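# Survey of secondary and tertiary structure
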Amino acid sequence: MVDYSYLPADLAEKARVIETGLRETFDVIKGKKPADLLMKNLRIVDVYLGDCYDGSLLIHGGRIVALNPDEAAASKALEVFDGRGMYAIPGFIDCHVHVDTEMVTPDVLAQVITPRGTTAMIAEYLDFASASKDKGVDYTRILFQQLDKLPYRLYLEAPGKKVSPGIVAEMLQWDSVFALGELNHYKYIAGTPDTFEVLALAKLFGKRQNAHARWANSPMEFNLFPALGSTAGHDAFTYEDLLMDMRAGHLTVLRQGSGVLKNVSTLMPQVIDNGLPIEHLAVCTDGVSLEYKSEHGHMDSIVQTIINMGLHPIEAIKMATINPAIGMHLEGEIGSLTPGRYADVVLVKDIYNVIKPEFVFKGGRLVAKDGKLTQTITGFDYIGLRSTRGKGLTDLMLDDVKVQTLDVSEDGMKALVRVFNENLPREYDWYEDLWLDTKDGEPVLGSDMSRLWVIQRYPSAGQKRHVISTYTKDYVVSKGAFSITNQSPASYIAVVGRDVEDMMLAAHAADQEFGCYAACLDGQIKSALNLPLAGVLSDITNSVEFIKQVKGLAQLGKDGGFVDDMGWFRQLMMLFWKLDRNQKLVI
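First, a word on what this report is: a plain description of the structure on this page.

### Notes on the pairing of strand 22 (residues 450–456)
Counted residue by residue, strand 22 has seven buried out of seven residues, so it is predominantly covered. Residues Ser450, Leu452, Val454 and Gln456 point to one face of strand 22 and Arg451, Trp453 and Ile455 to the other, with burial holding for every one of them. When strand 22 meets strand 23 (residues 467–472), the two strands line up antiparallel, connected through six bridges. Each residue of the ladder has a partner; that of Leu452, found in strand 23, is Thr470. In terms of strand pairing, strand 22 meets strand 25 (residues 492–497) through six bridges, oriented antiparallel. From the neighbouring strand, Val454 faces strand 25, where its bridge partner is Ala494.

Take a look at the structure:
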């Protein structure tokens, strides 16, 4: 063993540890030392040559050390797994996801995604970090504690927006953070000072940057994204968007999420019909609810969708394995079943008809079998994320949430109201000003509208509470009221409904917990989902129980006329993002 005396003591020790591992791998391949595991009788999917071959994988120290090992090395393996002719494919990678919008902790998320063959996720957590305010750094450490104990790999991206540059700088220096996440695309285009600041920080610490590379006013402006450092974009909604993204050298990531984010369904048929190369195309979920994943699948479902469109199965598999690994510069660790890479392996009986993971390995360790985890995940303690901040609306009165008008006609018969409507044919400003009839001095609520309140929860002492009280055409209900809290980037409660008494009841119900979604029907609170961890995450430890509660909430929304595949609470969560982009919230 070399003593590395020419290095500082700490680096010398690290070098010795690395050398020990290299020597051990050398001895395993030479047959001098037993490997941890031999996986034999496999049909190995080769994502480089685009074919399959019969073979075995020799695994040691969590990584693949040899393909088709000779008898001398294979016979010494401490454990043997017989694949019985199943196809071995690299573990799936979700290359852009917001882990906080799942509303569960990373260990609970594993209960749903790992059995589906997902062994790696490239994850943002900007709303969680933003909601945590000055505790963002400490809370993030708690949330992502003991990442090695999870049955999937989390590659973290430091928040690119909603938090201070100081927090970004600290997180970019963590070993677990490999990149800077998405920035506010409008600020990116405008060239705001904080945009340059966080981009400079990413370059300073040698981290890559993922972007919302679409909201440019011209093809020339689109160049800003790759030129300033982004290496991947996930905002191609049209075929022209996709071509522009690919020509710019981005890893072009197609989303298959909820609502309008079904870009795989809309764009992949055009990719296939036009014979585009897929080497720089990848797929992600961005934001798919836990209950949807549980019923319909995760990355396995997206790959299956692409296969059903007519793309060759191995090409479809590449879009969820080697393509994102190369595009995100992680190909030395994940994305293929080759020597030196982590032994993240998914075994399926068929790749040509229905891809159904039978066995899932992370680092050569069996973590899921037949659609379930093989062991209970324990040892995670999130109690430090609980907030003790109390109620904020105790003094809220109906007069505080009167509909805000912009103007009133001379005869008092009409009032001008700013109505929230994201279906307007423009990118940024989701409002329209409408003259509405009045009754008893208040604008008449149209049948195609609901009332919308956005209420500041904790105004500073002596400061007037910030309230948005208007109408909306996007969150329409026929009865009842629905409320959510949101702490990112500022603490607010939003309520939609038709009857102000129901809405006040729902607002106070959401105010009971630091984080809460509540549904009110027939003058009663019917259900509430509490999110006590930093105000954005549930403390429910069983995914089945969480999904049961969420489905109950979604059904109450449907009973009240709030019909949407995403569920009313996720739609209202998105409302806050839009208000933030419009700078309508107090930061």
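From this point, the narrative continues.
### Digging into the environment of Met328
Looking at the element boundaries, Met328 is found in the loop between helix 16 (322–327) and strand 14 (345–348). Here Met328 falls in the buried class, since its relative accessible area comes to 3%. Beyond its immediate stretch of four places on either side in the chain, Met328 contacts Cys95, Ile122, Phe178, Arg208, Asn210, Ala232 and Leu251.

### Observations concerning a positive patch on the surface
Residues Arg84, Lys349, Lys356 and Lys369 make up a contiguous surface patch of positive charge. Here Lys369 lies in strand 16 (residues 365–369).

### Points about the sheet that holds strand 7 (residues 118–124)
Here we have eight strands laid out as an open sheet, ordered 6-7-8-9-10-11-12-13, and parallel in their pairing. Every other strand in the sheet has two partners, leaving strand 6 (92–98) and strand 13 (281–284) as the edge strands with one partner each. Neighbour-to-neighbour, the strand axes of this sheet turn through a mean angle of 30 degrees, independent of strand direction. Of the strand pairs in this sheet, strand 9 (residues 177–180) and strand 10 (residues 208–211) are connected by two bridges, and their pairing is parallel. By the bridge assignment, Ala179 is partnered in strand 10 with Arg208. With respect to the sheet, helix 12 (residues 263–273) is in contact with strand 12 (251–255) and strand 13, its orientation differing from that of strand 12 by roughly 125 degrees.

Conventions adopted
Residue positions are given per chain, counting from 1 as you read along its sequence in written order. Residues qualify for local features only when their pLDDT is at least 70, as the model is predicted, and side-chain atom pairs are given and counted only at 80 or more; totals for whole chains, interfaces and linings, by contrast, use all residues. Computation of side-chain values: all heavy atoms of the structure, hydrogens and water removed. Only protein chains enter the calculation, and the probe is 1.4 Å; a residue is then buried if its accessible area is under 20% of its type maximum, exposed if over 50%, and partly exposed in between. Think of it this way: any DSSP run of H or I at least four residues long counts as a helix, any run of E at least two long counts as a strand, and we number them from the N terminus. We treat two strands as partners when DSSP finds at least two bridges between them. Here a residue-residue contact requires only that any non-hydrogen atoms of the pair lie within 4.5 Å. Like-charged residues within 9 Å of one another, or nonpolar side chains (Val, Leu, Ile, Met, Phe, Trp, Tyr) within 5 Å, are grouped into patches, provided each residue has over 30% relative accessible area and no salt bridge. Computed by Shrake-Rupley with a 1.4 Å probe, the accessible areas treat only the displayed protein chains as cover when residues are assessed. Salt bridge, as used here, is a side-chain nitrogen of Lys or Arg placed within 4 Å of a carboxyl oxygen of Asp or Glu. Only four residue types enter the charge count, namely Lys and Arg as positive and Asp and Glu as negative; His and the chain termini do not. Just so you know, the charge point we use is NZ for Lys, CZ for Arg, CG for Asp and CD for Glu. Axes, fitted as lines to C-alpha atoms, cover a helix only where it is in contact. Angles between the N-to-C directions of the axes lie from 0 to 180 degrees.

It is worth stressing that arrangement in space is one thing and function is another; only the former is reported here.
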